[in-house]
Amino acid sequence: MKADVMSRPDPDAVLAQVRAQEKRDARGSLRIYVGASAGVGKTYAMLLEARKLAASGADVLAGVVETHGRQDTAALLAGLDLLPARSLPYRGRDLPEFDLDAALARRPALVLVDELAHSNVPGSRHPKRWQDVEELLAAGIDVFTTLNVQHLESLNDVVAGIAGVKVAETVPDSVFDGADEVVLVDVPADELLARLKAGKVYQGAQAERASNNFFRKGNLIALRELALRRTAERIGDDVRAYRVEQAIAPVWKTDGALLACVGPRDNSEHVVRNCARLAGQLDCAWHAVYVETPALQRLSDARREATLGVLKLAQELGATTAVLPDAEPAQALLAYARSHNLQRLVLGRRHGQRLRLSRPLHARLSRLAPDIDLLEVGAGAATRPRAAQESPGAESTHPNRLRYLWAGLIGLGAALLFSPLSNWLDLANIAMLFLLVVLLVAVRFGRGPSVLATCVCVAGFDFFFVPPRYNFAVSDVQYLITFGVMLAVGLITGQLTAGLRFQAQVARRREARAHSLYEFARELSGALQNEQVLESTRAAIAGAFGARAVLLLPDADGKLVSGHDDLAGLDAGVAQWAFDHASPAGHGTHTLPGSPLFYLPLVAPMRTRGVLAIAPDGGRWLPLPEQRQQLDTYAALAAIALERVHYIEVAQAALVSMESERLRNSLLAALSHDLRTPLTSLVGLSESLLRAEPPLAANERETAAALHEEARRLATMVANLLDMARIESGAVRLNRQWQALEETVGSALRPLRQALGARSIRTRIPADLPLLHFDAVLLERVLSNLLENAAKYTPPGSTITIAASAREDRVDVSVSDDGPGLPPGREEALFEKFARGQQESALPGVGLGLAICRAIVEAHGGKITAGQAPEGGAMITFSLPRGTPPALPDMHHLENEVHE
């Protein structure tokens, strides 16, 4: 009967499976072809399977397939329906991308989406291709895709340590683990290197670079091992899910996972250490479990703390730990082993065993589960003191003795109370009254006292009611059967009642933990300030653990500060260590264990948000694994709440900044537009005065020249303000043409002759400089601003140099001088709006020239930087992408056509 109950599926689990299956049925199916590196044949294998499905009549669409010039892979595309790529502009070029909207509109049964980790071009709906795949799956479309193991997020740092290259494009492990199918495409390292040399992976210079860097044999071997292990983990999850779905009770020995059975005896630590060594030798996962029975709940505090210390040791050695409240250890251990598919149980050997009525644990396990291996560990060399080696039942503390005394007195009192009833009730009814007493004792005091009450009640029934009365003699042998049945019924009833009482206590504790977590999460969901999170966390910790707590949050420099100083023993150094290392410290840990407080870091998804300092009442605190998990959950909820509050503040600040910027741009644009017309008239009138006939007097001409210069400078400032407002509003459109740089340089120099004054201009532009694709008007503005800036901050007689040089993928243009140079440390700040070269400079200007230069250069897909010139002055350098200019016509051929 017990075996049937154990194998019966959990109704809640079945309901969850049905709901999960309904969700899976509404989504498409995802198959991932995973490999160790490029060139193993993932795309080839995907196309082979797609061709088979297409031949069988399935609607297959090749959404995006990267062949990388491999002819055998490209040949497999023949006959498949190809989805045209979507063209997106990026830095002056049109790049092809997967057309998600066209695939959704087409709605095929299966879409092939190669290279799952690919980053989409800015402007796409999703920044990552795996997000495109998620949308296809949500629409009910099946997807085949490919992935290299180095692109998994959890292995990013591991691959960086192996290959020395940090992969930028990653895929969350949840996508990989959530795939319906994972197909491993594996090739030995030597064969892959042979493919690389044959040009079947990369071609030309790219293949040579790959062989000298990433494609080294050691790297490929290590990556192959990672791919095999990660795929094995994923398949192991599939095995466990299938066992749960099909309610399969027998353990499938697909791996070597171990389960260490921890008990209150002196060899538990020895069992844990042996199991850890064995797991290390087998390179497998292991668990450590302590089954807490009603008898073990009554252990002394010292024994209970020692047992919890063994579990903590197991956790530190890498085990997954749990405490299972159950009246029957064998059934609890087997249920845990089967739910986690653990094939070997490690137990300690009992020594000095006395006579026991019950069968030993290993015998019960062997009888209940003959398919599970049992490993028995001998006694360790180190043993506990004699007082610690006594059995659980021998640890009778003062409260335990009182419970047994009350049970005996209640049984004796019941016999005295029922004795007058012998004249009105027959013996069968009186026996029922005694069984009721046993039941009540079991409910109130537990299993052990109920056994004593049963014996006392049977003796009282014999002494007071069975003839001859008032002695223990029995006149009829049949009464012996009555005594036996009464004793058996009393023992069984007490056992069952005590077990139910124990399970009720466990259920109440679980309900209390769940309720406290719910209330804490509900309070945090409405928290909008850090102070609310602090107070809710303090109250939750005090209510759940009876401990005082305080939250320490970092300031702008990453130093922890606390708004509460009422926690004695708070050590800022220990808290800072826990924050910096994102690891618990203090009391109950191996890091600074002398501290009276326990420090738990609040680790949020983005960063560590603070430290929770806990002062346990009574000075000693070693929580159960379930309590530690509850505490970790409290910390995680508090960390997420703090991060949410932080991003609320960031969003509010960003909104205020954006609104301020919008208002400022609107004001600047309005002022600039209204000032532009009168300034243009003023410049024209002052210039007319300078050219008036007959000429003005000397003093009048000097005044007109000053008026003209100031009007022109003010007009330039207004133009800069208006240009900045237009650039930030997105109203500027590039009119890009292929043209020579030297022509634009000459156009920028001509109107600046008066502003440059006595400064000499030197140009260093190679004659073979290639044509560039740029907007001549805007680039002329860049050069004009740089030249005006150089003239503004250099004395007369200085030399300003305009130089250009061609690189492999860009052309660098610099404007340098031999003046005083740039302020140290402000090279980047100079490109901010309204930034000046010298903060207290008396020179005219509003600080928009370099900001406009950066906006124009970046719109062309280039970069601009500031630094010190080799001659000692300032140098501003900007780069433009080279691109591929159009072919020039054959001039000799044109001349012949003209002559003809």
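Above this text you will find the structure in question.
One structure accompanies this document, and this report is about it. Nothing here was measured: the structure is a model prediction, and the numbers come from that model. (Residues numbered from 1 in each chain as written. Predicted model: local features only at pLDDT ≥ 70, side-chain atom pairs only at ≥ 80, totals over all residues. Heavy atoms only, no water.)

### Remarks on the pattern of salt bridges
Scanning the entire structure with this criterion turns up 17 salt bridges. Two residues, E828 and R854, come together in a salt bridge whose shortest N-O distance is 2.6 Å. Here E828 is found in the loop between β23 (810–817) and α28 (849–859), whereas its partner R854 is found in helix α28, with 26 residues between them in sequence. Owing to a relative accessible area of 48%, E828 belongs among the partly exposed residues under this scheme. Using a relative accessible area of 17% as the deciding quantity, one classes R854 as buried. Each of R807, D809, R810 and D812 takes part in one network of salt bridges that share partners. (Salt bridge = Lys/Arg side-chain N within 4 Å of Asp/Glu carboxyl O. Helix = DSSP H or I, 4+ residues; strand = E, 2+ residues; numbered from the N terminus. Buried < 20%, exposed > 50% of the residue type's maximum accessible area, 1.4 Å probe, protein only.)

### Topic: helix α22 (residues 572–581)
Among all positions of α22, only V574, A575, Q576, A578 and F579 are buried. Looking at the buried positions of α22, the neighbouring elements they touch are β14 (548–554), β15 (560–561), β16 (585–586), β17 (598–603) and β18 (608–615). A582 lies just past α22 and shows a positive phi near 50°. (Contact = heavy atoms within 4.5 Å.)

### Some details on the sheet that holds strand β10 (residues 286–292)
Spatial ordering of the open sheet is given by β11-β10-β9-β12-β13, a layout of 5 strands whose pairing is parallel. Taken across any chain shown, the strands that pair with only one partner, and hence form the sheet edges, are β11 (320–325) and β13 (373–377). Between one strand and the next, the sheet's axes are offset by a mean angle of 25°, whatever the strand orientation. The sheet contacts of helix α12 (residues 268–282) involve β9 (258–262), β10, β12 (344–348) and β13, and relative to β9 the element is tilted by about 175°. (Pairing = 2+ DSSP bridges. Axes fitted to C-alpha atoms, helices over the stretch in contact; angles between N-to-C directions.)

### Remarks on the nonpolar core
Formed by 38 residues in total, the largest nonpolar core has its most connected members in V782, L786 and F878. Counting residues per element, this core draws most heavily on helix α27 (residues 776–792), which supplies 8 residues. The residues touching L786, leaving out its near neighbours within four places in the chain, are V815, L850, C853, I876 and F878. Membership of the second largest hydrophobic core comes to 35 residues, among which are L30, L116, A117 and V149. (Core = buried A, V, L, I, M, F, W, Y, C linked by side-chain atoms within 4.5 Å.)

### Brief notes about unusual backbone geometry
Positive phi values are uncommon outside glycine, yet R107 reaches one of about 50°. Among the structural elements, R107 can be located in the loop between α5 (100–106) and β6 (110–113). A relative accessible area of 48% means that R107 is categorised as partly exposed. Of note in the backbone geometry, A582 takes a positive phi value of approximately 50° without being a glycine. With respect to the helices, strands and loops of the structure, A582 is situated in the loop between α22 and β16. What makes A582 partly exposed here is its relative accessible area of 40%.

### Observations concerning the environment of L192
For L192, the location among the structural elements is in helix α9 (residues 189–197). Measuring from C-alpha to C-alpha, the distance between L192 and L220 comes to 8.5 Å, with 28 residues separating the pair along the chain.

### Side note on the environment of L534
Assignment of secondary structure puts L534 in helix α21 (residues 530–545). Each C-alpha atom, one on L534 and one on L642, is 9.1 Å from the other, the two residues being 108 residues apart in sequence. Ignoring any residue separated from it by four or fewer positions in sequence, one finds L534 in contact with L551 and L553.

### Focus: a nonpolar patch on the surface
A cluster of nonpolar side chains, contributed by L402, L405, W406, L409 and I410, occupies part of the molecular surface with about 470 Å² of accessible area. According to the relative accessible area criterion, I410 is partly exposed, its value standing at 32%. (Patch = residues over 30% accessible without salt bridge, like charges linked within 9 Å, V, L, I, M, F, W, Y side chains within 5 Å. Areas by Shrake-Rupley, 256 points an atom, 1.4 Å probe, with all protein chains shown as cover.)

### Quick word on the pairing of strand β25 (residues 874–881)
In terms of strand pairing, β23 meets β25 through 7 bridges, oriented antiparallel. Residue pairing across strands places R810 opposite P881, the latter belonging to β25. Note: strand β24 (residues 863–868) against β25, 6 bridges, orientation antiparallel. Across the sheet, residue G867 finds its bridge partner in β25, namely M875. Hairpin connection of β24 to β25: 5 residues between the antiparallel strands, including G872 at a positive phi of 110°.

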